[in-house]
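# Examination of the molecular architecture
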Amino acid sequence: MAENNNNAGAVLVRLDETARNEAQSVLFHAYREDPTFQYLFDHRKPGYNQRVRATIRELIDLYLELNQEAVGVMIDDTLVAVAFLGEPELRINLADQFGWRVRMVLTAGFSSTRRYLEYHQKIRELLPQRQAHQLPLMGVNPKYQHKGYGRMILQAVERLCEDNPRGHGLVLDTGNSRYLPFYQSEGFRSLGKIRLGDFEDHVLFRDVIPAERQAREPAKQSF
């Protein structure tokens, strides 16, 4: 996928394993100040940056191993925004991913791994009954924020969802309440909240109508 857009010089691309290191860097800088990550991986204790790096690396490797969609925004030769998308059928239960759990314990530590698994399970409990895509990782390099690249990457994800006839929506979460107006402007609504210390992580959902169903609906209305 290589697509020009309204942001001059920016191109949407599909990512593969060759973009792993760049994607890790973008997501690390996007998530290390995230309230949810700061709580789950205890930013007050030494080694916080290492735990965040390890978690992002292991999640990227897992999604690449499972051949899930990954998209990015390139400016010149620089990857400035990325998103990893889980297929509707996937609904990963990280507790069942033995190899992932072992690597996480070795790199992020037992306490952080346990917290993350508990948090992940709470998200699973809030998922809609009908199958929906999940967006576990999405970020924009802080140097390129507030320039429309977050909306660009999210809309690219939404188009990928429309191309999959098996999905009925898109789920994501955020612990940063200042992002809520942005997601609401893209049609997301709340599925629920997860209490994490003194704040809440918001689990959000928006309907996504597959393209083939969109094509059929006008024909139905003409009868």
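Everything in this summary refers to the structure shown in the same document. Note that the coordinates shown come from a computational prediction; the quantities given were computed from them, not determined experimentally.

### Side note on the layout of surface pockets
- Size it by volume and the largest pocket reaches roughly 1,000 Å³.
- With seven residues, strand β5 (residues 133–140) is the largest single contributor of residues to the lining of the largest pocket.
- Its residues assigned to classes, the lining of the largest pocket comprises 25 nonpolar, 12 polar and seven charged.

### Some words on unusual backbone geometry
- In this structure, D42 is a non-glycine residue whose phi angle is positive, near 45 degrees.
- Considering the arrangement of structural elements, one finds D42 in the loop between α2 (35–40) and α3 (48–65).
- Backbone geometry places N67, a non-glycine residue, at a positive phi of 60 degrees.
- Position of N67 among the secondary structure elements: in the loop between α3 and β3 (69–75).

### Concerning the nonpolar core
- Counting 43 residues, the largest nonpolar core has L27, I56, I60, F84, L94, W100 and Y116 as the members making the most contacts within it.
- In terms of residue count, α3 provides more of this core than any other element does, nine residues in total.
- Apart from residues lying up to four places away in sequence, W100 is in contact with E58, L59, L62, L94, Y116 and L117.
- Core analysis: the second largest hydrophobic core is formed by 27 residues, L12, V71, L204 and V208 among them.

### Let's talk about the environment of N21
- Within the fold, N21 resides in helix α1 (residues 20–31).
- For N21 and L137, which are 116 residues apart along the polypeptide, the C-alpha to C-alpha distance reads 15 Å.

Parameters and conventions
Residues numbered from 1 in each chain as written. Predicted model: local features only at pLDDT ≥ 70, side-chain atom pairs only at ≥ 80, totals over all residues. Heavy atoms only, no water. 1 Å grid on protein atoms, 1.4 Å probe; cavity = no way out; pocket = protein on both sides within 12 Å on 5 of 7 lines; lining within 4 Å. Points joined across faces, edges and corners; volume = space filled by probe spheres on them. Helix = DSSP H or I, 4+ residues; strand = E, 2+ residues; numbered from the N terminus. Nonpolar A, V, L, I, M, F, W, Y, C, P; charged D, E, K, R; others polar. Core = buried A, V, L, I, M, F, W, Y, C linked by side-chain atoms within 4.5 Å. Buried < 20%, exposed > 50% of the residue type's maximum accessible area, 1.4 Å probe, protein only. Contact = heavy atoms within 4.5 Å.

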